[in-house]
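# Chains, contacts and geometry: an overview
Chain by chain, the residues:
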Amino acid sequence: MSGHNKWSTIKRKKEKTDAQKGKIFTKIGREIAIAVREGGSADPNTNGKLRDVIAKAKANNMPNDNIIRSIKKAAGEGDAAAYKEVTYEGYAPGGVAIIVEVVTDNLNRTVSEIRHIFDKNGGSLGASGCVAWMFERKGVIEIDNSKGMDEDDLMMMALDAGADDVETGEGMAVVYTDPTEFSNVRENLEKQGCVFLNAERRMIPTNTVEVTDPETAEKVQKLLDWLDDYDDVQDVYHNGELPEDEEEDD
């Protein structure tokens, strides 16, 4: 994804997060439940996946009380047993590839609703693997650099911590890592006093589709918004470059 589009996408995501904190906290709560189940422990000191989700929760300003309550709920009531993580793939209008990651306790309901959302907005739900090859999973750590730390120093600090790549701009830095090194890099940066705007593993497109027609771009954005608003959806990734993104950055 081009730098121009990437920054505006991050900006849009943050604006959406600020407007929908309650929904974000619910989604992170599900991630905590799954992390406790899969990690076999409610103790972040011994459960690396839970440690990562807690860092994501704090970056999204989730109150400590909420985090503790979610951990206790998962450990005490076994809620996570009902949840399943599923990935759906498909296309939006204009040939834009989309990956949808969901957490659900009812697979039949969710796949039916996801298919309906694609169909209703001019897209098509595809078979597993139909677009995954256009993306790669990366650890992505967004660092608050509003205090203006020297970009070269920040880059060297991140690379020394084990990062693959760093991009800086607009009072922040985006650090990319191998997904297997994500936890180590995040913890190293945390120890050095970095303040995270977000920290998670994401699917990053290896190539993009430029959508220049305003009507098509509007349809793509509407599909993305519908997916984002569906309760079972955790994350939506796409490889489209939309004209709205450029307008937001001007």
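Our structure's up above, just so we're on the same page.
Residues numbered from 1 in each chain as written. Predicted model: local features only at pLDDT ≥ 70, side-chain atom pairs only at ≥ 80, totals over all residues. Heavy atoms only, no water.

What follows is about unusual backbone geometry. Its identity as a non-glycine residue notwithstanding, Asn61 has a phi of 60 degrees, on the positive side. Of note, Asn61 is situated in the loop between helix H3 (48-59) and helix H4 (64-77). (Helix = DSSP H or I, 4+ residues; strand = E, 2+ residues; numbered from the N terminus.)

A few words on the sheet that holds strand S9 (residues 233-238). Overall, antiparallel pairing links the four strands, which are arranged S3-S1-S2-S9 in an open sheet. Unpaired on one side and paired on the other, strand S3 (124-125) and S9 mark the two borders of the sheet. (Pairing = 2+ DSSP bridges.)

By size, the foremost hydrophobic cluster in this structure holds 20 residues, and its most contacted members are Ile98, Val100, Ile114 and Leu227. For this core, the secondary-structure elements that each account for two or more residues are strand S1 (84-92), strand S2 (96-104), helix H5 (107-120), helix H8 (214-229) and S9. Top element by residues in this core is H8. It accounts for five residues. Filtering out sequence-adjacent residues up to four positions away, Leu227 remains in contact with Ile98, Val100, Ile114, Ile117, Phe118, Val233 and Val236. If you look at the next biggest cluster of nonpolar residues, it comprises 17 residues, including Met157, Ala158, Ala173 and Ala199. (Core = buried A, V, L, I, M, F, W, Y, C linked by side-chain atoms within 4.5 Å. Buried < 20%, exposed > 50% of the residue type's maximum accessible area, 1.4 Å probe, protein only. Contact = heavy atoms within 4.5 Å.)

Before going further, it helps to spend a moment on the packing of helix H2 (residues 21-39) against H3. The interhelical angle for the contact between H2 and H3, taken along N-to-C directions, is 165 degrees, at an axis separation of 8 Å. Our classification of the angle between H2 and H3 gives roughly antiparallel. Like other packed secondary-structure pairs, H2 and H3 cross with a definite hand, here left-handed. Taking contact as the criterion, the partners of Ile28, Glu31, Ile32, Ile34, Ala35, Val36 and Glu38 in H2 are, on H3, Lys49, Leu50, Val53, Lys56 and Ala57. (Axes fitted to C-alpha atoms, helices over the stretch in contact; angles between N-to-C directions. Parallel < 35°, antiparallel > 145°, perpendicular 65-115°, else oblique. Left-handed = near helix turned anticlockwise from the far one by under 90°.)

Moving on: the side chain of Lys27. Checked against the element boundaries, Lys27 lands in helix H2. Nearest to the buried, unbridged Lys27 among oppositely charged side chains is Asp228, at 4.8 Å. Those residues within four positions of Lys27 in sequence are excluded, and the remaining contacts are Asp228, Tyr230, Asp231, Val233 and Gln234. (Lys, Arg positive; Asp, Glu negative; His and termini not counted. Salt bridge = Lys/Arg side-chain N within 4 Å of Asp/Glu carboxyl O.)

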